Amino acid sequence: MSTLSFESLCLKEDDCSSPNESQDTEDETDLESDEKEESHNKASICEVYLQACKLVGVVPVSYFIRNINSSTMTLSHHGLGPLGCKALAIALVTDMNINTLELADNHIQAEGAKYLVEMLRANFTIQYLDLSNNQLLYVGAEYVGKMLLDNISLKSLKLSGNGFTDDDAKYFADALSINSRIKELDLSHNAFCGKGGEHLGQLLANNEGLEFLDLSWNHLRMKGAVALCAGLKVNMMLKHLDLSWNGFGNEGALSMGEALKFNNTLVHLNLNNNRLTNEGVGMLCRGLEFNDTLRVLLLAYNSLTVEGALALVNVVKNTPKTALEEINICNVLVNESFVHLLDVTCQEHPSLEVQYGGVGGFIAKKPLKRVDPMKVIQDYLDQRKLRLWDFFRNIDKDGTMRVPTADFRKAVQQSSIPLDRYQIEELIQRLDRDRTGMVDYRGLADTRKQMMRDHRRQLRKVESRQKKEKQKSDRILKTFQSAVEAVTPRGSLVMSPGVAKEDSSGPQHFSATPLSSWHHIVMSNSNRYSVTNLSNEHIHLPMLGGTTPYRPTSSTAMRSFSQPNLLDESTCSSPGKSISAQGVRSDPEMGHSKLSPTANQLTRSRPALNAKQPLVKPKTKKAKKKKTTKRVDKGSKNPTRTVK
């Protein structure tokens, strides 16, 4: 069998026309010629497909031949396999009609993906491609990544259920950091974990066109969830994010709350079945207080109760600028207080719709802890400054601290000790463990010491638990901030004086972000520092894998926020011109040149670590005020002054 190629199967125009036909077409109208040309192209595509199926040895799919005129070609569940996909790809090379191609569940594997990639290099009509459940695995992920780097027509790509792992996420992150034409990406039902979450966070931070992202049914937990939320924080295009069935947990909810404080484009967020509790919802609500774009929030099938539902409605009620229109907590049973609060909130926000499970829930209350009867007696004696023997001396005349059970019960009941009948019986059982009929109340003497020990032990437990929770939250926030710095180009980080420090371990490697997306990262609080100002500056990025150390540039926008170099300014400043706290002279004549790129560098970035620092004379300590003391010599009337 001869080698099969696209060029050998593409029909040429001179092969399909005869001299007689060329003479007849001169008398036809333009409309008739267009119709004939269209029907001829369709017929040629069918012929190419049949010939390709014959050459590769597969049975043609009749559905493809019957629906060749349709713009949507649905070939899901047809069992094409790699060779069937090869024949289809050959036929679609010259197709100009189909813009939606659905090939889900055809087991085309990585080999079939390779043929589709070759086809898409020549076909610029297909805009929607579905390759779900085809077992592409890591080799297929590499082919798809290469295709995304070259293709300029695809707008939607579905890759659900293809067995992608953490390492495969890097192909999509690298490709979509360049390709901004993809609007919809489905990566659900894969196996992305912690490292995959980091790559996907890079994808969100660097991509400038993606609007719909489905990451449901993965394993994005802990570090992966934090890294993904860090990328969402700086993203400015995504509108729909599906993270359901990932096991985010309260750690992910804390990071998502931090991301929602800054993200102003996300409209739809799906967090169904993510192991969130009332505590996690509270962390999420902290971000919702500052968000004014999110409209739909799905939190169904999480471990929420009435407290979590009340927290969500309270956020909407107390945040006038909120845009929330739909909240789904369909598995949560609420109470009458929630319904009343929801009615009041809907009067202020008429568009709000909350889906809950029904009325019948309750706020779980801890059962009242029964007070230790020994502690009650000890407190009673302390308040009246009595001793045990003073209290029981009327019934214990021998002073043996052992009294009959009946006498002990009668004495306690006749006293004003606030003990009920059950507490008295409990006390008797504890003081008469052997059921001898005699109560040995010497055990009450050690009650104070035991209570103090128990109290200190309980306090230590509470403090330890609070400390661990705080350390855990701080660790998550620190990881979140580190992830934000990792997905953000280092040249765009703004360092405040006295806050950020240079990393002495060397340059950090990162994926460079296009300059057009830096305007949402650089802190330009004034209109003086715009994107156009940044584009005029030469911004040098560190080379990946290189050995040249990174030296921050001193552009106009960066110099305005960098730490001032007061050492150079102090040597050349004149006595008549003062210097402000920011290192800028307060001379009126310098006002017009502060923003000019050719003006003197009033403030400069911090020097590189290996740069030689200028020699500066150490500051001399101020001389202490001289104290004068008077000393009077014997035999002289005039005192002499001595200086110490």
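Right above here is the structure, for reference.
Please read these numbers as outputs of a predicted model, since none were measured by experiment.

A. Spatial organisation of the sheet that holds strand β3 (residues 128–130). With parallel pairing, 11 strands are arranged side by side in an open sheet as β1-β2-β3-β4-β5-β6-β7-β8-β9-β10-β11. Both edges of this open sheet fall to β1 (72–74) and β11 (353–359), since each of them pairs with a single strand only. Averaged over all pairs of adjacent strands, the angle between strand axes in this sheet comes to 5 degrees, irrespective of strand direction. Sheet analysis places β1 next to strand β2 (residues 100–102), joined by 3 bridges and oriented parallel. Paired with methionine 73 across the two strands is leucine 101, which belongs to β2.

B. Expanded view of the packing of helix α7 (residues 137–150) against helix α8 (residues 169–176). For the pair α7 and α8, the least separation of the axes is 9 Å and the interaxial angle reads 0 degrees. By the angle between their axes, α7 is roughly parallel relative to α8. Here Tyr138, Ala141, Glu142, Val144, Gly145, Leu148 and Leu149 of α7 lie close against α8, whose contacting residues are Tyr171, Phe172, Asp174, Ala175 and Leu176. For the contact of α7 with α8, the class distribution of residues is 9 nonpolar, 1 polar and 2 charged.

C. The arrangement of helix α5 (residues 81–91) in detail. Among the 11 residues that make up α5, 10 are buried, leaving the element largely enclosed by the rest of the structure. Residues of α5 that are buried include every one of Gly81, Pro82, Gly84, Cys85, Lys86, Ala87, Leu88, Ala89, Ile90 and Ala91, and no others.

D. How the structure looks around the packing of aromatic side chains. Tallied over the full model, the rule gives 4 aromatic pairs. Here tryptophan 217 and tryptophan 245 contribute two aromatic rings whose centre-to-centre distance is 4.4 Å and whose plane-to-plane angle is 10 degrees, an arrangement assigned as stacked. Linking tryptophan 217 in the loop between β6 (212–214) and α10 (223–234) with tryptophan 245 in the loop between β7 (240–242) and α11 (249–260), this pair joins segments that are 28 residues apart in sequence. Classification of tryptophan 217 by relative accessible area gives partly exposed; the value is 39%. Judged by centre distance (5.5 Å) and plane angle (80 degrees), the rings of phenylalanine 338 and tyrosine 356 are edge-to-face. Placement of the pair is phenylalanine 338 in helix α14 (residues 336–348) and tyrosine 356 in strand β11, with a sequence separation of 18 residues. Look at phenylalanine 338 and you get buried, because its relative accessible area is 0%. The ring of phenylalanine 262 carries lysine 233 above its face, with NZ or CZ at 4.2 Å from the centroid.

E. How the structure looks around the side chain of serine 216. On the secondary structure map, serine 216 appears in the loop between β6 and α10. Reaching out from serine 216, the side chain makes a polar contact with the side chain of aspartate 214 at a distance of 2.8 Å. Setting aside residues no more than four positions away along its own chain, serine 216 makes contact with Ser188, His189, Asp242, Leu243, Ser244 and Asn246.

F. Summary view of the side chain of asparagine 291. Residue placement: asparagine 291 occurs in the loop between α12 (278–288) and β9 (296–298). For asparagine 291, a relative accessible area of 3% puts it in the buried group. Residues in contact with asparagine 291, not counting those within four places in the same chain, are Leu260, Asn263 and Thr322.

G. Expanded view of the pattern of salt bridges. Taken as a whole and judged by the stated rule, the model has 6 salt bridges. Of the charged contacts, one joins glutamate 142 and lysine 146 as a salt bridge, the two residues approaching to 3.8 Å between their closest N and O atoms. One end of the pair, glutamate 142, and the other, lysine 146, are both in helix α7, 4 residues apart, so they sit about a helical turn from each other. Assessed through its relative accessible area of 30%, glutamate 142 is described here as partly exposed. Taking the shortest distance from any N to any O, the salt bridge between aspartate 174 and lysine 170 comes out at 2.8 Å. Taken together, the positions of aspartate 174 and lysine 170, both in helix α8 and 4 residues apart, correspond to about one turn of that helix. In this structure aspartate 174 comes out as partly exposed when scored by relative accessible area, which is 32%. A relative accessible area of 41% means that lysine 170 is categorised as partly exposed.

H. Structural view of the nonpolar core. Counting residues in each nonpolar core, the largest one holds 110 residues, and the members touching the most others are Phe64, Phe172 and Ile329. Residues contacting phenylalanine 172, with those up to four places away along its chain left out, are Ala141, Val144, Leu148, Leu159, Phe164, Leu187, Phe192 and Leu203. Of all hydrophobic cores here, the second largest spans 18 residues; its members include Phe391, Leu419, Ile424 and Leu427.

Conventions adopted
Residues numbered from 1 in each chain as written. Predicted model: local features only at pLDDT ≥ 70, side-chain atom pairs only at ≥ 80, totals over all residues. Heavy atoms only, no water. Pairing = 2+ DSSP bridges. Helix = DSSP H or I, 4+ residues; strand = E, 2+ residues; numbered from the N terminus. Axes fitted to C-alpha atoms, helices over the stretch in contact; angles between N-to-C directions. Parallel < 35°, antiparallel > 145°, perpendicular 65-115°, else oblique. Contact = heavy atoms within 4.5 Å. Nonpolar A, V, L, I, M, F, W, Y, C, P; charged D, E, K, R; others polar. Buried < 20%, exposed > 50% of the residue type's maximum accessible area, 1.4 Å probe, protein only. Phe/Tyr/Trp six-rings, centres within 6.5 Å; stacked < 30°, edge-to-face > 60°. Lys NZ or Arg CZ within 6 Å of the ring centre and 35° of its normal. Polar contact = N/O pair within 3.5 Å; in protein donor to acceptor, adjacent residues only side chain to side chain. Salt bridge = Lys/Arg side-chain N within 4 Å of Asp/Glu carboxyl O. Core = buried A, V, L, I, M, F, W, Y, C linked by side-chain atoms within 4.5 Å.

That is the geometry; function is a separate question.
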